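Residues per chain, in single letters:
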Amino acid sequence: MTTLPTLFETFLSKIRPQDEHNDAYKEGHETLRDHLQSDDDIDEFYIADFLQGSYRRWTALRPQEDEKSDVDVVFVSDLSSDLDTDVALGKCEPFLDEHYEGQWEPNAHSYKIEEEEVEIDLVLTAAPSEATRDVVKSLGSLDVGTALSPDDLSSVAEALNMSADGDDEWKDEPLKIPHRDENEWENTHPLATIAFTVNKNDITDGHYVNVVKAIKWWRRTKTPDVEGPTSYPLEHIVGQCCPDDIDSVAEGVTRTLEELTRRFKTDALAEETPVLPAHGLPENPENDVLKQIDGDDFAAFYDGAEDAAELARTALDEEDKETSREYWYQLFGEQFPPFGSDDDTDDGGEKAMSVGSSSQVEDPSDHQFAKSDS
């Protein structure tokens, strides 16, 4: 196999959020969270807040030219899910008027706050059990700055009690979020999604989050006009298809795309969308991550993934490094660095890139619980 780890590391450094994006994330979410933690009206029902989305899961891409940095903040409240959703959500609006007058608008499951350089989704949840309260407080207290490191991964795992003898009561309790249009509280499990990412990244020796970013980049740049899974739904598919025993990003991308085409071939041929339940939730149609995607759109996406899998396999199996690089360039485009540049120091080894060097995060829109496209 020709894995070109140094060229992949350079490629990933170009497609992840840059310093200015990370600064915008950090300033935006920290300011909002300071307001949540100090506002007298909110204090009546505030429990905790924590970050969710690809910024928290280390799976983000840099925003495109016409996009702003985007970050998601979950506001865990002491409100009962017996309340009408309009009543519950209405309790947030004086707070928003005070701190973000003219900058916010309601979404189906959240409030979007638009600032000059960042968009923030504020997601309200109903009161959880004491065990889950402890976990979200622990998770929310972590320093989630601009350079997430292996130590941060360990801290997140500790906050989620991800050990053999850990307290994992939170796994059995989804959070409830209000659906404004339906006037009902829906289940979501962002903690389970974060835990899946931490565990998957660990067992793939730190390659998983980079495989996600690489495949998201292929999807964004090579099949932008094809309808079908993007953002979190695409990430969820990658999570289901990425093998555990990968030794490089190149191998991970190739085998993930191949597994995708193997697993979903029957669905695509029938122009049907497969059912993939959200992490931590029961298997039923309401919890299907892909439920908003039409079968013909999934089939079109599948056709692109099938071609990408073939090209990736050709690149991986090519023994000549320069020729292999040309195939990867065809797959990922101009952000994949040229052979013969300063980045071309690969010796053909199976070097793993550290999470700290490849996980500075965020990608606009992503979870299935706060935005319509996720």
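Quick summary incoming for the structure in this document. Every value quoted in this text rests on a predicted model; they were computed, and no experiment measured them.

Some points on the side chain of T59
Looking at the element boundaries, T59 is found in the loop between α3 (54-57) and β2 (69-77). The class for T59 is buried, based on a relative accessible area of 0%. Within the structure, T59 has its side chain in polar contact with the side chain of E235 (distance 2.8 Å).

Let's talk about the pattern of salt bridges
Think of it this way: side chains of opposite charge can pair up when their charged atoms draw near. Under the criterion given, the structure shown has 16 salt bridges. Between E105 and K112 there is a salt bridge, with the nearest N and O atoms lying 3.6 Å from each other. A relative accessible area of 39% places E105 in the partly exposed class. Notably, a salt bridge pairs R255 with E251, separated by 2.9 Å at the nearest N-O pair. Of this pair, R255 and E251 both sit in helix α11 (residues 249-263), four residues apart, which is roughly one turn of that helix. Relative accessible area serves as the criterion here: at 8%, E251 is assigned to the buried category. Through salt bridges with shared partners, one network takes in R57, K216 and E235.

Let's talk about a negative patch on the surface
Residues D19, E20, D23, E27, E116 and E117 make up a contiguous surface patch of negative charge. By secondary structure assignment, the location of D23 is in helix α2 (residues 19-38). Classification of D23 by relative accessible area gives partly exposed; the value is 46%.

Quick word on the packing of aromatic side chains
Tallied over the full model, the rule gives 16 aromatic pairs. Seen in terms of ring centroids, F298 and F301 are 5.8 Å apart; in terms of plane orientation they differ by 55°. Their pairing is tilted. On the criterion of helical spacing, the pair formed by F298 and F301 is a turn pair, its members being three residues apart in helix α13 (residues 295-317). Exposure remark for F301: the relative accessible area of 2% places this residue in the buried category. With a centroid separation of 5.9 Å and 10° between ring planes, the pair formed by W328 and F332 is classed as stacked. With W328 and F332 both in helix α14 (residues 321-332) and four residues apart, the pair spans about one turn of that helix. Here the guanidinium or amino end of R180 rests over the ring plane of Y111, the centre of that ring lying 5.0 Å away.

Basis of the calculations
- Residues numbered from 1 in each chain as written.
- Predicted model: local features only at pLDDT ≥ 70, side-chain atom pairs only at ≥ 80, totals over all residues.
- Heavy atoms only, no water.
- Helix = DSSP H or I, 4+ residues; strand = E, 2+ residues; numbered from the N terminus.
- Buried < 20%, exposed > 50% of the residue type's maximum accessible area, 1.4 Å probe, protein only.
- Polar contact = N/O pair within 3.5 Å; in protein donor to acceptor, adjacent residues only side chain to side chain.
- Salt bridge = Lys/Arg side-chain N within 4 Å of Asp/Glu carboxyl O.
- Patch = residues over 30% accessible without salt bridge, like charges linked within 9 Å, V, L, I, M, F, W, Y side chains within 5 Å.
- Areas by Shrake-Rupley, 256 points an atom, 1.4 Å probe, with all protein chains shown as cover.
- Lys, Arg positive; Asp, Glu negative; His and termini not counted.
- Charge placed at Lys NZ, Arg CZ, Asp CG, Glu CD.
- Phe/Tyr/Trp six-rings, centres within 6.5 Å; stacked < 30°, edge-to-face > 60°.
- Lys NZ or Arg CZ within 6 Å of the ring centre and 35° of its normal.

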